[in-house]
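Structural overview for review
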Amino acid sequence: MAYKLHKEVDQGEVIGLSLGVPEVDAYLKFLKHRCRPNTWKSYGHDLQVFLNTVQKPVSEVMPADIFAFIQQQWDGPGHEDNRPPHPRSCLSAKTVKRRLSAISGFYEYLRVCGDTPLKANPVPRGLTTRGTLWGNRLRNNVVTPLIRVPKPLPRPLDSEEISSFLNSLSTHRDKAMVLLMLLGGLRKSEVLGLALEDVDFGQHIVVIRDGKGGQRRIVAVANAALEEVLLYLKHERPRGPSPQLFLVLKGRRRGQPLRVRGLDMVIEYHRKVAGTPGIQCHRFRHTCLTWLRQSGMSLEALQIQAGHKSLTSTGVYLHLCPRELREEYLRVSDLLGPQRKEKAENE
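Summarised in this report is the structure supplied together with it. (Residues numbered from 1 in each chain as written. Predicted model: local features only at pLDDT ≥ 70, side-chain atom pairs only at ≥ 80, totals over all residues. Heavy atoms only, no water.)

Contact pair helix 1 (residues 22-31) / helix 2 (residues 37-54): the axes reach a minimum separation of 10 Å and the direction vectors enclose 165 degrees. Classified by the interaxial angle, the pair formed by helix 1 and helix 2 is roughly antiparallel. Pair helix 1 / helix 2 crosses with right-handed handedness. Every residue of helix 2 that contacts helix 1 at V24, Y27, L28 and L31 is listed here: W40, Y43, G44, L47 and L51. Split by residue class, the contact of helix 1 with helix 2 holds eight nonpolar, one polar and no charged. (Axes fitted to C-alpha atoms, helices over the stretch in contact; angles between N-to-C directions. Helix = DSSP H or I, 4+ residues; strand = E, 2+ residues; numbered from the N terminus. Parallel < 35°, antiparallel > 145°, perpendicular 65-115°, else oblique. Left-handed = near helix turned anticlockwise from the far one by under 90°. Contact = heavy atoms within 4.5 Å. Nonpolar A, V, L, I, M, F, W, Y, C, P; charged D, E, K, R; others polar.)

Dropping the structure here:
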């Protein structure tokens, strides 16, 4: 049986997802307001792929089926009879890990909330390895992940790309949105989620009420970005009841909140006009955070500005600033090895 994800659309926006499997449909309904729209849609697609691959009732899936699914993602269809896999079937480790996350979340939902609760989640959390020595004790139950995902360093933009792109923008609204990402480090969803009351021009801050993971934080923003926001409010923003900051400027949706697709279209169009194919919203954010670290902002402050849950996520920006890393090393290098003992004896 082939499953197909059905999308219910209203005014160009997806408002419902269903797969025709009661347990999956209930889970997708549960997820709708608990994660980002793109994540919600990706999980729906991932579950469609999974069920079309295993071809089993959801209650009969075993860990062996999960491992077979992982292998199929690497190999692609046709591997068993030595046919070359379809190029679109050979997925990245990041995509396969996301699919496992979607499947694991689904079965955890069934285990806790289902009409026929499962005894165990069939998706293993990892593979147990031999015990390791830790503090003179043998540490057991060491688990390695099923999928190892490489973590590449973010790629900041260069000044020429940024200047060319900014010069191609024709409205204060578009410049304001780009500068909030470039000078404040906001994600594009955070920019589009701003309300009028979230901008404090006097204190040079904006309030992110629903950041990644539902986090609320306060972000400092440079004058250049706030000045563009003021010009947009004074000359371009349509009058109306919408509390959102950034609105559609023309067409039948004039005065309604700008959506992610609208911002993506702005970026895509001006990327072509400016001849800057490397421009992406998230690279504006990476560029901002790299600049802040290069200017001396501490990792702890940078973590708050970025909205990272873990300082580990923020640490990548130290690796993007080799000069600062070298200076920190040289500052304490005389305390390393034999030199540390000599210094202590001299004192």
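Another aspect to go through is a nonpolar patch on the surface. Where nonpolar side chains cluster on the molecular surface, the patch consists of L196, L230 and L233 and spans about 220 Å² of accessible area. Along the chain, L196 turns up in the loop between helix 7 (188-192) and strand 7 (199-200). For L196, a relative accessible area of 36% gives the class partly exposed. (Patch = residues over 30% accessible without salt bridge, like charges linked within 9 Å, V, L, I, M, F, W, Y side chains within 5 Å. Areas by Shrake-Rupley, 256 points an atom, 1.4 Å probe, with all protein chains shown as cover. Salt bridge = Lys/Arg side-chain N within 4 Å of Asp/Glu carboxyl O. Buried < 20%, exposed > 50% of the residue type's maximum accessible area, 1.4 Å probe, protein only.)

So, about the sheet that holds strand 7. An order of 7-8-9 is seen for the three strands of this open sheet, with the pairing classed as antiparallel. Single-partner strands in this sheet number two, and they are strand 7 and strand 9 (217-220). Both strand 7 and strand 8 (residues 205-208) contribute to a ladder of two bridges, which runs antiparallel. By the bridge assignment for strand 8, D200 is matched with I205. (Pairing = 2+ DSSP bridges.)

If you check helix 8 (residues 223-235), its first and last C-alpha atoms are 18 Å apart, about what 13 residues at 1.5 Å a residue would give, namely 18 Å. Along helix 8, the positions that sit buried rather than exposed are A225, L226, E228, V229 and Y232. For helix 8, the buried positions fall inside an angular range of 155 degrees around the axis, keeping them on one side. Exposed residues lying more than 90 degrees from the buried face of helix 8 are K234 and H235. The elements touched by buried residues of helix 8 are helix 6 (172-184) and strand 7. (Expected span 1.5 Å × (residues − 1). Arc of directions from axis to C-beta.)

The bulk of non-glycine residues show a negative phi, and the bulk of peptide bonds are trans. Its identity as a non-glycine residue notwithstanding, Q55 has a phi of 50 degrees, on the positive side. Considering the arrangement of structural elements, one finds Q55 in the loop between helix 2 and helix 3 (63-75).

Turning our attention to the nonpolar core. Counting residues in each nonpolar core, the largest one holds 35 residues, and the members touching the most others are L180, L194, V206, F246, I267 and F284. Listed by contribution, the elements that provide at least two residues to this core are helix 5 (159-168), helix 6, helix 7, strand 8, helix 8, helix 9 (260-274) and helix 10 (281-294). The leading source of residues in this core is helix 6, at seven residues. Apart from the residues within four sequence positions on either side, F246 is in contact with R173, A176, M177, L180, V191, L194, Y232, P257 and L258. Judged by nonpolar contacts, the second largest core, of 33 residues, contains Y3, W40, F50 and V58. (Core = buried A, V, L, I, M, F, W, Y, C linked by side-chain atoms within 4.5 Å.)

Time to look at the pattern of salt bridges. Applying the stated criterion across every chain yields a total of twelve salt bridges. Across the salt bridge formed by K56 and D65, the nearest N and O atoms sit 2.9 Å from each other. Owing to a relative accessible area of 30%, K56 belongs among the partly exposed residues under this scheme. With a shortest N-O distance of 2.4 Å, R209 and D198 are connected by a salt bridge. Here R209 is found in the loop between strand 8 and strand 9, whereas its partner D198 is found in the loop between helix 7 and strand 7, with eleven residues between them in sequence. Here the residues in one salt-bridge network are D46, R98 and R99, joined through shared partners.

Here G105 is to be found in helix 4 (residues 93-113). Taking the C-alpha atoms as reference, G105 lies 9.0 Å from Y27; in sequence the two are 78 residues apart.

Let us now look at the packing of aromatic side chains. This model, assessed by the stated rule, comprises seven aromatic pairs. Aromatic pair F50 and F69: ring centres 5.2 Å apart, planes at 85 degrees, arrangement edge-to-face. One end of the pair, F50, is in helix 2; the other, F69, is in helix 3, with 19 residues separating them in the sequence. Across the pair, exposure class does not vary: F50 and F69 are buried alike. Ring centres of F106 and Y107 lie 5.0 Å apart, and the angle between their planes is 65 degrees; this geometry places the pair in the edge-to-face category. A single burial state applies to F106 and to Y107, both of which are buried. What links up through ring pairs into an aromatic cluster is the set Y27, F30, F106, Y107 and Y109. (Phe/Tyr/Trp six-rings, centres within 6.5 Å; stacked < 30°, edge-to-face > 60°.)

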